[in-house]
Amino acid sequence: MTEIEPVLPTPTREAQPYWDSLREGVLRLQRCADCGQVRHYPRPMCPACHSMADDWVEAAGTGTVHSWTVSHHAFHPAFKRDLPQTFVTVDLAEGVRLLAPLRGDAGRIAIGSAVQIEIEALDDDWSIPVVRLA
Amino acid sequence: MATIASKAAVTGIGETAYTRGTDKSILALQLEASLAAITDAGLHPTDIDGVIVYSNGVTVAEDFITNLGLPDLRFSATTPMGGASCVAALQAAAAVVATGVANHVLIPVGRTGYSGERIAARVQQVPQFRTIGEFEMPMGAIAPAQLYAPMARRHMELYGTTSLQFAEVAMTMRQHALRNDNALMTEPLTVEAHQTSRMIADPFRLYDCCLESDGGAAVVVSRTEAARDMAQPQVTIMGVAEGHPDSPSTITQRPDLTQLGTAKAAPRAFEMAGVTPADIDVAEIYDCFTYILICQLEDLGFCAKGEGGAFVEGGRLALDGALPTNTHGGLLSQAHILGMNHVVELVRQLRGIGGPAQVPDAEIGLVTGYGDLGDGAVAILRRGA
Ligand SMILES: [Zn+2]
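Residues numbered from 1 in each chain as written. Chains lettered and ligands numbered in written order. Predicted model: local features only at pLDDT ≥ 70, side-chain atom pairs only at ≥ 80, totals over all residues. Heavy atoms only, no water.

Caption draft 1: Structural context of the overall build of chain B. Within chain B, the regular secondary structure consists of 14 helices and 11 strands. Here chain B has a C-alpha radius of gyration of 19 Å; the compact-globule value for 385 residues is 21 Å, and the two agree. Over its C-alpha atoms, taken along the principal directions, chain B stretches across nearly 55 × 45 × 45 Å. A total of 385 residues make up chain B; the buried ones form 63% of that total. If you sum the accessible surface of chain B, you get close to 12,700 Å²; carbon and sulfur atoms cover 50% of it. Charged side chains of chain B number 25 positive and 41 negative; the gap between the two group centres comes to 1 Å. (Helix = DSSP H or I, 4+ residues; strand = E, 2+ residues; numbered from the N terminus. Rg over C-alpha atoms; globule rule 2.2 N^0.38 Å. Buried < 20%, exposed > 50% of the residue type's maximum accessible area, 1.4 Å probe, protein only. Areas by Shrake-Rupley, 256 points an atom, 1.4 Å probe, with all protein chains shown as cover. Lys, Arg positive; Asp, Glu negative; His and termini not counted. Charge placed at Lys NZ, Arg CZ, Asp CG, Glu CD.)

Caption draft 2: View of the environment of Ile353(B). Residues and elements named next belong to chain B. As for its position among the elements, isoleucine 353 is in the loop between α14 (340-351) and β10 (364-371). You can call isoleucine 353 partly exposed: its relative accessible area is 39%. With 116 residues separating them along the chain, isoleucine 353 and isoleucine 237 place their C-alpha atoms 18 Å apart. When residues no more than four places from it in sequence are discounted, the contact partners of isoleucine 353 are Arg348 and Gln358. (Contact = heavy atoms within 4.5 Å.)

Caption draft 3: Quick peek at the coordination of the zinc ion. In the first shell of the zinc ion, the protein supplies Cys32(A) (SG), Cys35(A) (SG), Cys46(A) (SG) and Cys49(A) (SG), at 2.3 Å from the metal. When the donor residues of the zinc ion are listed from N- to C-terminus, their spacing reads C-x2-C-x10-C-x2-C. (Donors = N, O, S within 2.8 Å, 3.2 Å for Na, K, Ca; no water.)

Caption draft 4: How the structure looks around the environment of Asp281(B). All names here are of chain B. Inspection of the secondary structure assignment puts aspartate 281 in the loop between α10 (262-273) and β9 (282-284). Placed 260 residues apart in sequence, aspartate 281 and glycine 21 show a C-alpha to C-alpha distance of 35 Å. Contact partners of aspartate 281, with chain neighbours within four places excluded, come to Pro324, Val359, Asp361, Ala362, Glu363 and Ile364. Only 2.9 Å separates the side chain of aspartate 281 from the backbone nitrogen of glutamate 363, close enough to count as a polar contact. (Polar contact = N/O pair within 3.5 Å; in protein donor to acceptor, adjacent residues only side chain to side chain.)

Caption draft 5: A look at the sheet that holds β9(B). All names here are of chain B. In space, the nine strands of this open sheet follow the order β3-β2-β4-β7-β1-β8-β11-β10-β9, with mixed pairing throughout. The open sheet has two edge strands, β3 (75-78) and β9, and neither has a second partner. The mean inter-strand angle of the sheet, taken between neighbouring strand axes irrespective of direction, is 25°. Here seven bridges tie strand β1 (residues 8-15) to strand β7 (residues 214-223), and the two strands are oriented antiparallel to one another. The residue of β7 that forms the bridge with alanine 8 is arginine 223. Strands in contact with α10 are β8 (235-243), β10 and β11 (375-383); relative to β8, the strand with the most contacts, it is inclined by about 150°. (Pairing = 2+ DSSP bridges. Axes fitted to C-alpha atoms, helices over the stretch in contact; angles between N-to-C directions.)

Caption draft 6: Just the sheet that holds strand β2 (residues 38-39) of chain A, in detail. Pairing in this open sheet of three strands is antiparallel, and the strands run β2-β1-β3 (chain A) from one edge to the other. Since the sheet does not close on itself, it has two edges, and those belong to β2 and β3 (54-58) of chain A, each with one partner.

Caption draft 7: A look at unusual backbone geometry. With an omega of 5°, the peptide bond between His40(A) and Tyr41(A) qualifies as cis. Tracing the chain through its elements places Tyr41(A) in the loop between β2 and β3. Here the amide bond leading from Leu83(A) into Pro84(A) is cis, since omega sits at -10°, within 30 degrees of zero. Examined against the element boundaries, Pro84(A) turns out to sit in the loop between β4 (62-71) and β5 (85-92). Of note, the phi angle at Ser6(B) is positive, near 60°, even though the residue is not glycine. Note on placement: Ser6(B) falls in the segment before β1.

Read these as geometric descriptors, not functional statements.
And the structure:
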């Protein structure tokens, strides 16, 4: 059986610390070093105060369900083995959102359901956040 | 203050046959449609002095100079808003002809959505999907169906919108396509067929998703004064606007998942046109997914936020309904020609050449585009000056 290559990110310069942290098993979020606003996804400028100085904070790893979808079609061969796959739009405790695949039972998923963020390796170099209902 | 309200007109329309399967290139399809639009306008190709090309870079302005033999192209641009590009291009073209930068602006599109690369491969090449490419595609969320589904799911959870209401949209588009001899779908769609069609990305079933098709379409935009003496009955651009949603690069971070860029464009387009939703006789609303049409009805002001599902019930979008919508069958049942087929169809309706799908006495009509990760564009056209 031929191994199917995973879909890997091509990080922007600003997001490198995000991916580096995930590889270490930690979800870190970009924060404006001047006004303190957390922003996601990472980008060069704070849209609130236009500062380009940032630092990185470790996320609590908790949040709630904002929305979700259950994908029954893979659109890329790397994801066929995961079908059906639930993707959750999560309101993180830090006030930003992320999209991540659900692991474990989808149960009675609903808007507001509490979730826990875990980190999962795609390969030796890349890891992504995943979601589990709390 | 200067305005482009009613300063420009759509003077020519052209379409190729819409098919599933072609041996023509995207450029050839665009040229075929362009020539039809130029001829329809009563112009010669050398009269074209402006072109707005589709933003994916497959064709460039130089291609149109080279093939149409344009002696002096004075304006070229792109409006990179995915499926909202065609209607956004009407705004750019109107501004350009109103100010005399160019006289006759050609807006061509073409696509080989059926014969060419599949959707997932295409969106990975779109610059507007770069953020998604870095942060969401590596997790398996790749295609528009997957990326848009959380918007629909949240709408359903907040407002009680149902899959049966999605079916109502799909079935109405299908009924309209059956009256159109340039439509891909030729059989009626039942609610049972919709409800049992395979799930793609919940809540989107197969029949909630648009077609993949091959074809080209084009329009010519000219100054209103010039349009009076041209070949076709005049169709004036009363008002037109584009709107970019909050968090335009990622739906995930959008403060309100149930609002599109359409919500910003619509009030500006209606104000420029000097009309209200109640004045619209016929609407051509971008329908890449059934839900996206419902959401736009709300953002356009035809009903309040959350009421779009109930609004489409009872045949309101049908030819004999209160708001005849997608009289050609739309992206869902005619063909996916990036919504330029919507622009062409509205012009046909306002000229009174809508054939079996003609809305009687259609005088004022609306066309929208929707694209990428929530971009919207709205144009309001009227018959005559
Ligand atoms: Zn700041």
